[in-house]
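Below are the chains, spelled out letter by letter.
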Amino acid sequence: MRNGLLMALAVIALVSCGNKKNSLGDTGTPEYVVETVSPATAEQSSSYPATIKGKQDIEIRPKVAGFITKLCVDEGSVVRKGQPLFMIDQVQYQAQVKSAKAAIEVAKSALNTQQLTVANKKELYKRQIISDFDLQTALDNLASCRAQLAQAKANLTNAEEQLSYCTVKSPADGVVGEIPYRVGSLVSSSIATPLTTVSNISEMYVYFSMTEKQLLEMTRNSGNTQSALAQIPPVQLKLTDGTIYPYKGKVETVSGVIDQTTGSVSMRATFPNPKHELRSGGTGSVLLPSVYSAAITIPQKATFEIQDKKFVYVVGAGNKVASREIKVADQDDGQNYIVTEGLRNGEKIVTSGVSTLKEGMVIKPITAAQSSKEFQQVLQDERNGKLPF
């Protein structure tokens, strides 16, 4: 509380001192922080509101009918592919497996008997004791027994598959959603509401919109949309608490339709989600970077606007200031502008207190370090009770 009061008093004192200097000509020329501009490589990130969705939301439905006997997970559980979610009563399906296995044994026995019969018929046929018809009938019965054995094996495979469906497993890594059915509920493949939903969040789709103008500029510079997407550097995601998501994403798709109501086009970036920190339905902001070579970057506080045009005060001969219109890049980081027209290397501009300047005003240029030193001195004077009130 005391530190805040000291800071407030120091600001008042600094402003008071500054006002006295500005109003009284014999006290000296007013001081303003001045910066010399110079080109350098700069990167700016534009922020776009975004919505976060899981890569896939999978509805879990049973393939067999029966009563739920066990819930293996709870709502919100993180599951892996193949992990059991629900158990459905297995009694009738176990019985079907046993019946199918018994049918196989019966079919094998019938096949063995018929094979012996065929061998005997062939021997009798060689001795011309039986006719062609008798031998062919025996061979046909043998083929029928083999077919019955194959059918019995297929029935066993189907019965075992139905039994396996009694354990409902997760088809992918993800997070379990709402579970409307509990132990004792009768479910089947025809239920209207799924058992639950598993959201695949190993990777997340982050959707954001870009204006039609920005999309045109991007595609014209790259030749086509696919080339433009390939040239977009990795993007960052700013979460709702203001923190930056630790993993970078890649812009992969752009919608082929422009929204007529907003004049924007939807784009999608994919982000890895190994720690499942991101959840489907969340929001944030996509930070799309742009790299400028030999760019002049200035603080936004150094500018002022007149009729939607941006201006700065340039310090000329005799430390006299003159306003000058500048043009800046569309993208900015909220603190700085990249100047595209209006300033040259080596020119000096005023970076603070521009609202108090007037055209042709003479100032005393100081550096940001000098300004900070003066501010600290004011704080020290206030602590010592030396403020000139």
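In this text, all values refer to a predicted model and were calculated from it rather than measured experimentally.

About the thresholds
- Residues numbered from 1 in each chain as written.
- Predicted model: local features only at pLDDT ≥ 70, side-chain atom pairs only at ≥ 80, totals over all residues.
- Heavy atoms only, no water.
- Helix = DSSP H or I, 4+ residues; strand = E, 2+ residues; numbered from the N terminus.
- Buried < 20%, exposed > 50% of the residue type's maximum accessible area, 1.4 Å probe, protein only.
- Contact = heavy atoms within 4.5 Å.
- Areas by Shrake-Rupley, 256 points an atom, 1.4 Å probe, with all protein chains shown as cover.
- Salt bridge = Lys/Arg side-chain N within 4 Å of Asp/Glu carboxyl O.
- Pairing = 2+ DSSP bridges.
- Polar contact = N/O pair within 3.5 Å; in protein donor to acceptor, adjacent residues only side chain to side chain.
- Phe/Tyr/Trp six-rings, centres within 6.5 Å; stacked < 30°, edge-to-face > 60°.
- Expected span 1.5 Å × (residues − 1).
- Axes fitted to C-alpha atoms, helices over the stretch in contact; angles between N-to-C directions.
- Parallel < 35°, antiparallel > 145°, perpendicular 65-115°, else oblique.
- Left-handed = near helix turned anticlockwise from the far one by under 90°.
- Nonpolar A, V, L, I, M, F, W, Y, C, P; charged D, E, K, R; others polar.

Along the backbone of the protein chain there are six helices and 19 strands. Out of the 389 residues belonging to the protein chain, those deemed buried represent 34%. Counted over contacts in the protein chain with a minimum sequence separation of 6, partners at least 24 positions apart contribute 75%. Put simply, the protein chain shows about 22,700 Å² of open surface, and 50% of that area lies on carbon and sulfur atoms.

So, on to the pattern of salt bridges. Summed over the entire model, instances satisfying the criterion amount to 10 salt bridges. Here Glu-31 ties to Lys-364 by a salt bridge, and the two come within 3.5 Å at their closest N and O atoms. With Glu-31 in strand 1 (residues 31-36) and Lys-364 in strand 19 (residues 364-366), the pair connects residues that are 333 residues apart, well separated along the chain. Since its relative accessible area comes to 23%, Glu-31 is described here as partly exposed. Residue Glu-203 pairs with Lys-55 through a salt bridge whose shortest N-O separation is 3.1 Å. Separated by 148 residues along the polypeptide, Glu-203 in strand 9 (residues 196-211) and Lys-55 in strand 2 (residues 40-60) bring together distant segments of the chain. Residue Glu-203 is classed as partly exposed on the basis of its relative accessible area, which comes to 30%. On the basis of relative accessibility, which here comes to 36%, the residue Lys-55 falls in the partly exposed class.

Strand order across the open sheet formed by four strands is 6-5-3-8, with antiparallel pairing between neighbours. Edge strands, defined here as strands with exactly one partner in the open sheet, are strand 6 (167-169) and strand 8 (186-187). Note: strand 3 (residues 66-71) against strand 8, two bridges, orientation antiparallel. What sits directly across from Phe-67, in strand 8, is Leu-186.

Relative to strand 16 (residues 321-328), strand 15 (residues 309-315) runs antiparallel, the two sharing six bridges. Within strand 16, the residue paired with Val-314 across the bridge is Ala-322. Hairpin connection between strand 15 and strand 16: a loop of five residues separates the two successive antiparallel strands, and Gly-318 in this loop has a positive phi of roughly 70 degrees. The pairing of strand 16 with strand 17 (residues 336-341) spans two bridges and is classified as antiparallel. If you follow Lys-327 over to strand 17, its bridge partner there is Glu-341.

Of note in this structure, Gln-307 is not a glycine but carries a positive phi near 55 degrees. In the Ramachandran plot, Asn-319 falls in the positive-phi region, its phi being about 60 degrees despite a non-glycine side chain. With respect to the helices and strands, Asn-319 occurs in the loop between strand 15 and strand 16. Look at Asn-319 and you get partly exposed, because its relative accessible area is 30%.

Our next topic: the side chain of Ser-170. Within the fold, Ser-170 resides in the loop between strand 6 and strand 7 (174-176). Of note is the side chain of Ser-170, whose polar atom sits 2.6 Å from the backbone oxygen of Ala-172. Excluding residues within four positions of it along the chain, Ser-170 makes contact with Val-79, Arg-80, Lys-81, Gly-82, Gln-83, Leu-85 and Val-198.

Turning next to the side chain of Lys-310. In this structure, Lys-310 sits in strand 15. When residues no more than four places from it in sequence are discounted, the contact partners of Lys-310 are Phe-304, Glu-305, Arg-324, Glu-325, Ile-326, Val-328 and Tyr-337.

Turning next to the packing of aromatic side chains. Following the criterion strictly, the structure yields six aromatic pairs and no others. The interplanar angle of 40 degrees and the centroid separation of 5.7 Å between the aromatic rings of Tyr-48 and Phe-208 together place this pair among those described as tilted. Placement of Tyr-48 in strand 2 and of Phe-208 in strand 9 is noted, with a sequence separation of 160 residues between them. Since its relative accessible area comes to 7%, Tyr-48 is described here as buried. Take Phe-208: its relative accessible area is 2%, and that puts it in the buried class.

The subject of this paragraph is helix 2 (residues 91-126). With 36 residues, helix 2 extends 53 Å between its outermost C-alpha atoms, agreeing within 8% with the 52 Å of an ideal straight helix rising 1.5 Å per residue. Those residues of helix 2 lying buried are Tyr-93, Val-97, Ala-100, Ile-104, Ala-107, Leu-111, Gln-114 and Val-118. Buried residues in helix 2 make contact with helix 3 (132-164). Phi turns positive one or two residues past the end of helix 2, at Gln-128, with a value near 60 degrees.

Following both chains from N to C, one finds helix 2 and helix 3 inclined at 165 degrees, their axes separated by 8 Å at the closest point. Looking at the two axes, helix 2 sits roughly antiparallel to helix 3. Note on packing geometry: the crossing formed by helix 2 with helix 3 is left-handed. Broken down by class, the residue content of the contact of helix 2 with helix 3 amounts to 20 nonpolar, eight polar and nine charged.

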